[in-house]
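# Descriptive analysis of the structure
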Amino acid sequence: MIAVLIVGVTFYYFIGSEMMPLADTGQAVGFMEMEPGTSYRGTEDAVKRLETIIAKHPEVEKASIEIGAESMFETWSPFFTGYQMPQVSGAALMLTFSDKDQRKKTIFDVMDAIHREAYLTVPGLRRLQIKEMGSDVMATAAAPIHVNIYGPDLDVLERLGREVESAALKMPELFQPSRTWSMGLPDYRIKVNPQRAQELGLSPESISQQAYYALRGGLTSEFYRLPNLRQNTILLRYDEADRQTDQDLENLYLTASGGTQVPLKSVATIERHEAPTAIEHDGLRRVMGVTGYYRIGNLPSMDVVMNLVANAYGGNKKLGIEPINFPPGYGMEMRGDMTQMMDSFRRLMNGLFLALGLMYLVLVIQFRGFLQPLQMIASLPLELAGVFIALWLASQAFSTVSILGIIVLTGMDITTAVLIIDLIMKYRDRGIPRDEAILRACPDRLRPILMTVGITLVVMLPIAFAPKTGLDAYQPLAMAVVGGLLMGTILSLFDIPIMHTYVDDFTKWVNKVFLGRDWTWPVAEERDE
């Protein structure tokens, strides 16, 4: 049994780990972003091309696409988590697929096909990422594969981000890699001449406000409102023909004190720069994120993100990836599923150990001693062999739902042990010798144990091998329960009686060596012949 346990646990190193299993729920969300500076009309044309691509796939039943920017008070955002504000050159999409039992392609095949064709046919496309709407609480995360490149200078972050993205594109196990932002957004910096501005009675604040409202516009004041009538709001700004070039900005007229009109270039100089499409921070540090996805049948998320970090720092000659030189003060950290998974694993394992401790204390009270419950707790590791072997055979990774399956198995395995040990102790209380009590108790308890295991298998087998839409995220839970039950029950039927004899012999040895007496099982009632 020890050999079976060692072999079974060894399979853990071949299955990998992930936060939550991928699920074909029939819905997906995505975000499309054009190159910085793309107009709304250019974005609209790109979205129409994307709609044509989506329409080629009969598996997609509905598609909802939103274009452009909204205010900060809206609920819409690229990742639905408030990571970034929307942009004029961006669009969000939501796709609804037919039931997975009615189509030949999976949701992942369709999403990747749309992604590939869009990058080949849509000009000016900077980023397109489509993500399944999973059935777990992490479905709203930016991406399961997520690394943050940190450092103080935005231009250096842009360069490092491009190099990491280039490395990610060469990794066959990483899908749809992209950067969360990029440089290139047209930006004008106005440097005010303090002396000249003071002569005209202008401050840098008043100059910036007038320039902002002239170009971006402002809502007119409402001095009178008619009752029970919704009035139109007027946006007032320069005509489009007067706000297109650098010269238009320089010739922008400012109102000085006394109502004097002066051009902007008379009090300030204008410099053109490139700005990032978004500025992200993580732990008070400026960062650029490189995100991506993994797929069923490939490496799980934990292995993919570790490979990405290893390839970025050390390179990979086989894939043609050169090591990236991170200047002092710059580096890369893992986010996404990796950090969430480690935190979730820690909490679940703490809960499991706490539950085992409480169960042990309950068994101590029930069986009137500290040694007898040990034989039941000692049988729990045997189920892990079945769990890891079953996950390996099903090509599934170890995840949070797998741990939930182990927690379920723990309760069932303790029940099996209690049923057998309780009857053995009752027989011995009646004066039946130990070996005879074991031989009589095990067959008597075999039927209820097999009935409990059989009912559980009947419920779990459909989820383990043929889950319906949305339930495939919990397939590893069912597979862990099935494998753990089959292996754990078979081994427990041998292990529990053997452990009882070991505990009994150990009790006799302790009494003889340390207490100097021969110990026998206390008989509470007469034996029935």
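About the thresholds
- Residues numbered from 1 in each chain as written.
- Predicted model: local features only at pLDDT ≥ 70, side-chain atom pairs only at ≥ 80, totals over all residues.
- Heavy atoms only, no water.
- Helix = DSSP H or I, 4+ residues; strand = E, 2+ residues; numbered from the N terminus.
- Rg over C-alpha atoms; globule rule 2.2 N^0.38 Å.
- Buried < 20%, exposed > 50% of the residue type's maximum accessible area, 1.4 Å probe, protein only.
- Contact = heavy atoms within 4.5 Å.
- Patch = residues over 30% accessible without salt bridge, like charges linked within 9 Å, V, L, I, M, F, W, Y side chains within 5 Å.
- Areas by Shrake-Rupley, 256 points an atom, 1.4 Å probe, with all protein chains shown as cover.
- Salt bridge = Lys/Arg side-chain N within 4 Å of Asp/Glu carboxyl O.
- 1 Å grid on protein atoms, 1.4 Å probe; cavity = no way out; pocket = protein on both sides within 12 Å on 5 of 7 lines; lining within 4 Å.
- Points joined across faces, edges and corners; volume = space filled by probe spheres on them.
- Nonpolar A, V, L, I, M, F, W, Y, C, P; charged D, E, K, R; others polar.
- Phe/Tyr/Trp six-rings, centres within 6.5 Å; stacked < 30°, edge-to-face > 60°.
- Lys NZ or Arg CZ within 6 Å of the ring centre and 35° of its normal.
- Pairing = 2+ DSSP bridges.
- Axes fitted to C-alpha atoms, helices over the stretch in contact; angles between N-to-C directions.

### Structural notes on the overall build of the protein
The helix and strand tally for the protein stands at 14 helices and 15 strands. In terms of C-alpha radius of gyration, the protein reaches 34 Å, well past the compact-globule figure of 24 Å for 529 residues. Across its three principal directions, the C-alpha atoms of the protein cover 115 × 70 × 55 Å. Relative to its 529 residues, the protein shows a buried fraction of 46%.

### What to know about the side chain of Gln 176
Relative to the helices and strands, Gln 176 is located in strand β6 (residues 175-179). Taking relative accessible area as the criterion, Gln 176 reaches 3% and is therefore assigned buried. Filtering out sequence-adjacent residues up to four positions away, Gln 176 remains in contact with Met 111, Asp 112, His 115, Leu 128, Gln 129, Ile 130, Thr 291, Gly 292, Tyr 293 and Arg 295.

### Quick notes on a nonpolar patch on the surface
Taken together, the side chains of Leu 371, Leu 374, Phe 506, Trp 509, Val 513, Phe 514 and Leu 515 define a hydrophobic patch exposed on the protein surface, amounting to about 710 Å² of accessible area. Among the elements that take part in the nonpolar patch, helix α14 (residues 475-514) stands out by supplying four residues, more than any other. Turning to its location among the elements, Leu 371 is positioned in the loop between α9 (337-367) and α10 (372-377). In this structure Leu 371 comes out as partly exposed when scored by relative accessible area, which is 30%.

### Quick word on the layout of surface pockets
Quantified by volume, the largest pocket comes out at close to 1,700 Å³. As for the largest pocket, its lining consists of 30 residues, and the residues nearest its centre are Val 88, Leu 185, Pro 186, Leu 215 and Arg 216. The set of elements that each furnish at least two residues to the lining of the largest pocket consists of β7 (183-192), α6 (204-216) and α7 (246-250). The class makeup of the residues in the lining of the largest pocket is 15 nonpolar, nine polar and six charged. Put simply, the second largest pocket is a space of about 730 Å³. Looking at the second largest pocket, it is lined by 34 residues, and the ones nearest its centre are Ile 296, Gly 297, Ser 395, Gln 396 and Ala 397.

### Some remarks on the packing of aromatic side chains
Within the structure shown, the criterion is met by 11 aromatic pairs. When the centroid spacing of 5.7 Å and the interplanar angle of 65° are considered together, the rings of Phe 388 and Phe 398 count as edge-to-face. Here Phe 388 is found in helix α11 (residues 381-393), whereas its partner Phe 398 is found in the loop between α11 and α12 (400-429), with 10 residues between them in sequence. Clustering of aromatic rings is evident, with ring pairs tying together Tyr 12, Tyr 13, Phe 388 and Phe 398. Stacked on the ring of Tyr 150, the Lys or Arg Arg 285 has its end atom at 4.0 Å from the ring centre. Stacked on the ring of Phe 175, the Lys or Arg Arg 295 has its end atom at 5.4 Å from the ring centre.

### A few points about the side chain of Gln 475
Residue position: Gln 475 is located in helix α14. Here Gln 475 is in contact with Gln 396, Ile 463, Ala 464, Phe 465 and Pro 467, once residues within four sequence places are set aside.

### So, the pattern of salt bridges
Under the counting rule described, the total for this entry stands at 25 salt bridges. Among the salt bridges present, the one from Arg 179 reaches Glu 158, with a minimum N-O distance of 3.4 Å. Separated by 21 residues along the polypeptide, Arg 179 in strand β6 and Glu 158 in helix α4 (residues 154-169) bring together distant segments of the chain. The buried category is assigned to Arg 179, whose relative accessible area is 5%. Of the residues examined, Glu 158 reaches a relative accessible area of 8% and is grouped as buried. Here Arg 189 ties to Asp 187 by a salt bridge, and the two come within 3.7 Å at their closest N and O atoms. Each of Arg 428, Arg 434, Asp 435, Asp 504, Asp 505 and Lys 508 takes part in one network of salt bridges that share partners.

### A few points about the sheet that holds strand β3 (residues 90-97)
Consider a sheet: its strands pair through backbone hydrogen bonds, and that pairing is either parallel or antiparallel. The sheet built from four strands is open, its strands ordered β2-β3-β1-β4 with antiparallel pairing. Edge positions in the sheet fall to β2 (60-67) and β4 (125-132), since each of these pairs with one other strand and no more. In this sheet, adjacent strand axes meet at a mean angle of 15° when their direction is disregarded. Along the sheet, helix α2 (residues 40-55) makes contact with β1 (27-34), β2, β3 and β4, crossing β2 at roughly 175°. Its contacts with the sheet place helix α3 (residues 107-121) against β1, β2, β3 and β4, and it is angled at close to 175° to β4.

### Thoughts on the pairing of β3
Burial analysis of β3 places six of its eight residues in the buried class, the great majority of the element. Note: β1 against β3, seven bridges, orientation antiparallel. The residue bridging Met 32 from the neighbouring strand is Ala 91, located in β3. When β2 meets β3, the two strands line up antiparallel, connected through seven bridges. What sits directly across from Ile 65, in β3, is Leu 93.

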